[in-house]
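Now for the letters of each chain:
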Amino acid sequence: MKAYLFGWNPLKFEWADLDEDIGKLAATGQLTDNWSVVSHKTIQSGDRAYVVRVGVEPKGIFASGVISSAPYLAFRKGRHYYRIEIKFDVLLNPAKEQILTLDILKTGNLAAQTWTPQASGISIRPGLVDELEGVWMDFLETRHDSF
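Attention in this report is confined to the structure presented alongside it. Given the structure is predicted, the values throughout are model-derived calculations rather than measurements.

### Details of the pattern of salt bridges
Inference 1: For the structure shown, the criterion picks out four salt bridges.
Inference 2: Between Glu97 and Arg143 there is a salt bridge whose closest N-O contact spans 3.4 Å. Remark: Arg143 occurs in the segment after helix H3 (129-142) and Glu97 occurs in the loop between strand S6 (79-91) and strand S7 (100-101); sequence separation between them is 46 residues.
Inference 3: A network of salt bridges, in which partner residues are shared, links Arg48, Asp89 and Glu133.

What follows is the structure, encoded as structure tokens:
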């Protein structure tokens, strides 16, 4: 399985309806959103997606899902770029819940990956995908809903 890392910087893009989106995912099991992707030549529907919060603390992975579309061209702020759809399976609010922080992601084998990408939609190193999924699942099983 291939996996990709998408970045969210609250200083550049406010996710005003994050709590509503979390509620929608919890109530319906369905939430799809679009994200920009630099790895548009290799990403495919069915690949795994992780979303990392960058720019402000806490930094780390707070969402995951599956790519649910082929890359498509979009136009924004005077330039063309590629986007994909992510069907989320987990979405946490980093301001209210624990997330998988960079200090955990930067240990052991996972330290070989760039966890604070300058561009959204970078490939996660193939040799790390299974380990990341295991660490993410362990985190989700043991996390607490409050700080």
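Read on, since the account is not over.
### Some remarks on the pairing of strand S5 (residues 72-76)
Inference 1: Bridge analysis of S5 against S6 gives five bridges, and the strand direction is antiparallel. Across the sheet, Arg76 pairs through a bridge with Arg79, a residue of S6.
Inference 2: The antiparallel pairing of S5 with S6 creates a hairpin that spans two residues between the two strands, and Lys77 there sits at a positive phi of about 50°.

### Examining unusual backbone geometry
Inference 1: The linkage connecting Glu57 with the following residue, Pro58, adopts the cis geometry, with an omega of -5°.
Inference 2: Unusually for a residue other than glycine, Lys77 sits at a positive phi of about 50°.
Inference 3: Along the chain, Lys77 turns up in the loop between S5 and S6.

### Focus: the side chain of Glu97
Inference 1: The exposure class of Glu97 is buried, given its relative accessible area of 13%.
Inference 2: Within the structure, the side chain of Glu97 is placed 2.7 Å from the backbone nitrogen of Asn93, a separation counted as a polar contact.
Inference 3: Polar contacts involving the side chain of Glu97 include one to the side chain of Arg143, which spans 3.4 Å.

### Brief notes about the packing of aromatic side chains
Inference 1: Applying the stated rule across the entire model yields six aromatic pairs.
Inference 2: Between Trp8 and Phe62, the aromatic rings sit 5.3 Å apart at their centres with planes inclined by 55°, giving tilted as the arrangement. With Trp8 in strand S1 (residues 3-8) and Phe62 in strand S4 (residues 60-67), this residue pair connects regions lying 54 residues apart in the sequence.
Inference 3: A residue is classified by how much of its surface remains accessible, and Trp8, at 6% relative accessible area, is buried.
Inference 4: You can call Phe62 buried: its relative accessible area is 0%.

What counts and how
Residues numbered from 1 in each chain as written. Predicted model: local features only at pLDDT ≥ 70, side-chain atom pairs only at ≥ 80, totals over all residues. Heavy atoms only, no water. Salt bridge = Lys/Arg side-chain N within 4 Å of Asp/Glu carboxyl O. Helix = DSSP H or I, 4+ residues; strand = E, 2+ residues; numbered from the N terminus. Pairing = 2+ DSSP bridges. Buried < 20%, exposed > 50% of the residue type's maximum accessible area, 1.4 Å probe, protein only. Polar contact = N/O pair within 3.5 Å; in protein donor to acceptor, adjacent residues only side chain to side chain. Phe/Tyr/Trp six-rings, centres within 6.5 Å; stacked < 30°, edge-to-face > 60°.

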